[in-house]
Amino acid sequence: MEKYKSKTLLFIAISSISAILYIFFIYARYPIYYPAEYWIPEMYKIKIAHLEKIEKITQRNKIIILSGSNALFGFSSKIFSDLTGYPTVNLACHAGLSLPFLQYLALTYAKPGDTVIMPLEFSHYCRKPYSLSSWEKNQLATWGKNFIDIIFSEYRKSIAFHAIRQYFKYPHYIFRELPVRNLINIPNRNSQAILTLTPYKADYANQYGEFLIDKEFQGVKEPTYLNKKDIDIDSFIFLKNLSNTLENNNIKFYISWPPTIKNYFDLAKNDNHEKNRFNNITTK
């Protein structure tokens, strides 16, 4: 009996030590590869390079666009710059990146005298700002690791455990490098923001970090307007606080309609149902 007890204790001890060493190995290698949207950090390398170029060659105030992919696809910073006379940087990328992430970009890159415009997806108004989805945890556990301490420090442990569970399940991920490339100097990069039909692959973005689609979307079209019950009031409080912070730093702040979603002025004159749904969200 003592023999089996000793073997059991030895097995538990070896397993515990192995688990601890494995976790420390993961920590030493962190951030580690995990299936994620690696085109996002590649796009931000292009976008930030464009922003830094603007700040290097001109002292003029700039306009920064922040939202999800609706502005990544439907907003041309070159055209907007030509129309307004202000250099414009499109930092929009993915709607899954929550409001705190967008706030970080605004507070990091907007300077006194600049203007921040947020054509947010409706989903941003429907989720609590600091409620992280599994998708967002996947990003933060890999290429977004540096943002954890800056933005989501209170979720550090939950994100770490989220990653560790995956590495126990897929240990071969530990030995893969993060596939984040620096694409800012590709010779054939489009310098005139000509439209492209190849989204979600940074190789085909223009030099401003945008995918500009010139054809009407032919997928499933559904009503995208919200009722009062869809809206989370915490998102409005968050945006109000962000507005106050930016304005206190002499930075103008605007929230606008998503450019790739039909807006109130596009609605058919006799479509009272959709107009009423629009009024529901604006009077919340």
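Residues numbered from 1 in each chain as written. Predicted model: local features only at pLDDT ≥ 70, side-chain atom pairs only at ≥ 80, totals over all residues. Heavy atoms only, no water.

Caption draft 1: Representation of the pattern of salt bridges within the structure. In the structure shown here, the tally under the stated rule is nine salt bridges. Close ionic contact of E55 with K62 constitutes a salt bridge, the shortest N to O distance being 2.9 Å. Salt bridges linked by common partners bring E55, K62, K111 and D114 together as one network. (Salt bridge = Lys/Arg side-chain N within 4 Å of Asp/Glu carboxyl O.)

Caption draft 2: Focus on the sheet that holds strand β1 (residues 63-65). Reading across the sheet, the four strands line up as β2-β1-β3-β4 and stay open at both edges, with parallel pairing between neighbours. Whereas interior strands pair on both sides, the edge strands pair on one side only; in this sheet they are β2 (88-90) and β4 (252-255). For this sheet the average axis-to-axis angle between neighbouring strands, irrespective of direction, equals 15°. Where β1 lies against β2, three bridges are found, and the strand directions are parallel. Paired with I65 across the strands is N90, a residue of β2. Where helix α9 (residues 233-248) meets the sheet, it contacts β3 (115-118) and β4, and its direction lies at approximately 155° from that of β4. (Pairing = 2+ DSSP bridges. Helix = DSSP H or I, 4+ residues; strand = E, 2+ residues; numbered from the N terminus. Axes fitted to C-alpha atoms, helices over the stretch in contact; angles between N-to-C directions. Contact = heavy atoms within 4.5 Å.)

Caption draft 3: Structural view of the packing of helix α5 (residues 99-109) against α9. At a minimum axis separation of 11 Å, α5 and α9 run at an interaxial angle of 5°. Taken together, the axes of α5 and α9 lie roughly parallel to each other. Across the interface between the two elements, L99, P100, Q103, A106 and L107 from α5 touch S235, F238, L239, L242, T245 and L246 from α9. Residue composition of the contact of α5 with α9, grouped by class: eight nonpolar, three polar and no charged. (Parallel < 35°, antiparallel > 145°, perpendicular 65-115°, else oblique. Nonpolar A, V, L, I, M, F, W, Y, C, P; charged D, E, K, R; others polar.)

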